[in-house]
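# Observations on chain architecture
The chain contents come next:
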Protein chains: 2
Amino acid sequence: VSIDQRATKNLFAIPGIKVGAAKAGIRQTEREDVAVFDLTPGTRTAVVFTRNAFCAAPVILAKTNLINRQPRYLLVNSGNANAGTGPNGLSAARATVAALAAAGDCEEEEVLPFSTGVIGQALPVDRINNVIPVVLANMHQNGWSAAARAILTTDTRTKGWSARIDGLEASFTVTGIAKGSGMIRPNMATMLAFIATDLPWEQASLERAVKLAVDRTFNCISVDGDTSTNDACVVMATGRVPIAPVNHQDRRRFDFALEALERACSALALDIVRDGEGATKLVAVTVEGGTDAIECRTVAETVANSPLVKTAFFAQDPNWGRIVAAIGRAPVRDLDVEKVSVSLNDVRVFSEGGSPPDYRESAAASVMAADEFAVRIDLGRGSASATVYTCDLSYDYVRINAEYRS
Amino acid sequence: VSIDQRATKNLFAIPGIKVGAAKAGIRQTEREDVAVFDLTPGTRTAVVFTRNAFCAAPVILAKTNLINRQPRYLLVNSGNANAGTGPNGLSAARATVAALAAAGDCEEEEVLPFSTGVIGQALPVDRINNVIPVVLANMHQNGWSAAARAILTTDTRTKGWSARIDGLEASFTVTGIAKGSGMIRPNMATMLAFIATDLPWEQASLERAVKLAVDRTFNCISVDGDTSTNDACVVMATGRVPIAPVNHQDRRRFDFALEALERACSALALDIVRDGEGATKLVAVTVEGGTDAIECRTVAETVANSPLVKTAFFAQDPNWGRIVAAIGRAPVRDLDVEKVSVSLNDVRVFSEGGSPPDYRESAAASVMAADEFAVRIDLGRGSASATVYTCDLSYDYVRINAEYRS
C-alpha cells in the first residue's frame, strides 16, 4: 500500500465532485459562509446525523430527503444553525433547498441542507438564496479549500485531509473537510464533515462503513450519544474508479476501503480536538486492562471530560490525583483501585494506591510540557482497551464561549 | 414552629460538643488548618461518605472505626487530602488518630479522621500531631467559627448555619459548618460538612435521616454517585434535649427532625455552590413535567453541568439554544421536543420548538443579570420534578484550578 497524503491547503480533487463557496454575510462579511457540493449522478451518499433529541431543521429535512433519493447537491451554511427555530425554521430550510434545486435544475429532494452557528435565530434565507447563483457559477473540482473556510464557526483554522491510496485493484482518492472546535466536549458544538472518494461503493455497505468509521473516530472525541443539534458526517462515493463496488460481503476489500475512510475521519477528528476552543494540548486518554471496551471508554471519557483534569493539562501540572479521582467516580462496577495504574506517556505516576517510589514529578511535568501527550490508564483486570482524545481547558475556552454571541 | 436562624459568624453552641482549631502549617501558615470536635459520651453519630472508588486513607480508617464504636473525637485537617497515598497514607492517618486518642484519653477507634486538600502528597503527620495538645487545650462550645476556617481549601469564605427550632416537645438547636467550592461539579473537590444537634436520635433512624437529607441537598449540587475521594457529611446528636429519641417509626417526629437537618444541609450546600470556584451566579435548574424524578434529575444535571451553558450564565447571555441542546443530549428516552418548554425565572424563552412570538431577549437578559436565578424546564409529559443547583463557569474557575498547586 502506498499513500500520498496531503493536508488542508492542497487537497486532491475528486472527479465528479464540484465545490463552490461564497460570502452571503449571514453573520459576518469577511469570509465565505455558504458552500455547495455538486455530486455527479450515480454518486452514492451516506450520512451519520446527530443523536440529539433536538434536531435542527436542516437535519430533519436532510434526513427526509435522503429516504428516497440520492442527493445531487449539498447546501451548507455557517453563522446560523437554524436550530430551535420551530416550523419557521423548517420552512426556511426548504426555501434555501428550493432555490438551489431551481438554480441547479434538480428536484428539491435531491438537495441536502446543513447549517452550523448560533441556535435559535431565524435563518436569513434571502442572503443565502442571493448567493446561490454566484456559487453555482463558480463550482470546480478544486473548490475544497474555499468550502473548508465557508463551514467554520469558532474554529481558528480550516481542517482538511486528502490521500491517494494504491490498493484494491486500482489507485483511489479520499478527500475530506470538517469543522468543529466546541470543546470541552465536541458534541456540544456542531461538528460537520464532508468526505468524498472516487471508489465505487454499494449503498448499504457504504452506510455501514460510515457508521463504523464515525464510531471509531469522531465519536472518540465525544461522549456516546452526546451530539449537538446539527452534527453530520457525509460521505460521497462517485464510483469513478472502474472497479467492482466495495461490498461488505467481500470482507477484505471492505476492510481496506473502510480503513481509508477511517484515516480521513481520524485525521479530521484529531484536527477538531487540536483546534478545541482555547485548546493548547491534544491529549490521548487510553484505558487498557478493562473487562470490556465499554468500561474502558467510560473511564476514558470520565477522565477526558473532567474540568479539573483539563485545567491541570492547561497548567502542565502533573496533578495525577485529579486523574485518579476521575477514574474513581467513573460509573463502572467493582473497580479494584489497588490494581489501577496511571502513566503520562511512559512515566508511571500512580500504581498500588500511590505514586511509585521512584516517581519524580519533574519527569511527569516534562511530558505535559509537550503539545501532545498520552494519559495511559491500566485497570488491571482484563485485556480490553479504548482511547478518547481531548484537549485542555483554558482561559480562552471561557472567553470564546462567554463572548460567542456578543 | 418558630425558628431563630444564624449564619456563620455567630453560630449557636451545641452543649456537649466542644470545638477547637489550630495552625499546623500543613500547606500554609496564615490560618487554622486543623480542627478537632469533642463529642460528649452518649452522642450518636452518623456519616455519609464518598462513593468514589478511590477512598482516601482517612475515609477508609473512619469507616472502619465507625463499625464498632461511637466516636469521641473528630480530627480534621485541610491542606492535604491524604488520598492516593497508599499504605503509607493509612499509616499516617493512624498516627494522627493515635496521637489524638492518647492526648484525649480514649481508644483509637473512637477517633474519626477527615482530610481535605491536595491529593497524592504525604500527610505531614508531625505538624498535625504537634498541634493536637494546643487544640485540646483550647476546646470550647463556641469554637465553630474557628473550625469553619480550619477546614477550608480553595473556599473564599466560611460556611455555617445554625438555628434554634421550637417543635416536637421542646426547643432544640442545629449547628453546622461545611467546606467545598470545587465547581464545575462539586463532587470533584472535597465536600466536608459537620453538623450537630442536641436532639436525641435513635442510631438507625439518624443514619436514615442523614442519607435522606444528603440526597436531597448535597447530592443535588452534584451528580449521583459522583463524589471526590474524601467527601463526608457527619451528623452528631448529643441527645441533651430531654425528650424521647427521634425514631423513624414515629413518622411525624421523624419528619420534623429530618426537616431541621435538611434545612442545615440545604443552607450549607447552597453556600458551597455560591462559593463555587470562580462562581458569580447561583442557578437553580428545575425540571418539571417528567415521567419520574430520575429523568428530571438527569436532565437537570446535564444542563447544570454543561460548560457551554455555564459560560453563558457567566456572560449573562440568554443563549437558550445551549440549554435546549443540553436537554436534547440528556440520556432520557423518547423525549418529545415539541412539548418541552424553557423559562428563565418567569420569562418563557422556548416552547413548541422555538422562541415564543412575544419573546424579548432583553427580558431574559435582565433575569440573568441577577446573582441568583432559576432555569425552569418543563418536559410536558408527567408530573415529576427535580432541582439541581449550579454556578457559572468563569475565567476564575480556570485560574483557580490551573494554579491550585503552583
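All values derive from a computational prediction rather than experimental measurement. (Residues numbered from 1 in each chain as written. Chains lettered and ligands numbered in written order. Predicted model: local features only at pLDDT ≥ 70, side-chain atom pairs only at ≥ 80, totals over all residues. Heavy atoms only, no water.)

## Observations concerning the overall build of chain A
- Each helix and strand in chain A was counted, giving 11 helices and 15 strands.
- Taking 22 Å as the expected radius of gyration for a compact globule of 406 residues, we find that chain A reaches 22 Å, a close match to that expectation.
- With respect to the principal axes defined by its C-alpha atoms, chain A has extents near 70 × 55 × 35 Å.
- When the 406 residues of chain A are sorted by exposure, 64% land in the buried category.
- Taking the intrachain contacts of chain A between residues at least 6 apart in sequence as the baseline, contacts between residues at least 24 apart amount to 81%.
- For chain A, the exposed area adds up to about 14700 Å²; of that, 46% sits on carbon and sulfur atoms.
- For chain A, the separation between the mean place of its 41 positive charges and that of its 46 negative charges on side chains is 3 Å. (Helix = DSSP H or I, 4+ residues; strand = E, 2+ residues; numbered from the N terminus. Rg over C-alpha atoms; globule rule 2.2 N^0.38 Å. Buried < 20%, exposed > 50% of the residue type's maximum accessible area, 1.4 Å probe, protein only. Contact = heavy atoms within 4.5 Å. Areas by Shrake-Rupley, 256 points an atom, 1.4 Å probe, with all protein chains shown as cover. Lys, Arg positive; Asp, Glu negative; His and termini not counted. Charge placed at Lys NZ, Arg CZ, Asp CG, Glu CD.)

## Let's talk about the interface of chain B and chain A
- Between chain B and chain A, the contact holds 54 residues from the first and 54 residues from the second.
- The junction of chain B with chain A conceals about 4300 Å² of combined surface from both sides, 63% of it contributed by carbon and sulfur atoms.
- Our enumeration of links across chain B and chain A arrives at zero salt bridges.
- Joining chain B to chain A, the criterion identifies eight residue pairs in polar contact (both at pLDDT 80 or more).
- Of all the elements in the fold, those that place two or more residues in the side of chain B that touches chain A are helix 2 (86-104), helix 8 (307-315), helix 9 (320-329) and helix 11 (395-403) of chain B. (Buried area = accessible area lost by both parts, 1.4 Å probe. Salt bridge = Lys/Arg side-chain N within 4 Å of Asp/Glu carboxyl O. Polar contact = N/O pair within 3.5 Å; in protein donor to acceptor, adjacent residues only side chain to side chain.)

## Focus: the pairing of strand 12 (residues 341-344) of chain B
Residues and elements named next belong to chain B.
- On strand 12, burial covers both faces: S341 and S343 on one face and V342 and L344 on the other are all buried.
- Relative to strand 14 (residues 372-378), strand 12 is paired through four bridges, and the arrangement is antiparallel. If you follow S341 over to strand 14, its bridge partner there is D378.
- In this sheet, strand 13 (residues 347-350) lies alongside strand 12 in antiparallel orientation, the contact comprising three bridges. Looking across to strand 13, one finds that S343 is bridged to R348.
- Linkage of strand 12 to strand 13, two consecutive antiparallel strands, is achieved through a turn of two residues, within which N345 is found at a positive phi near 50°. (Pairing = 2+ DSSP bridges.)

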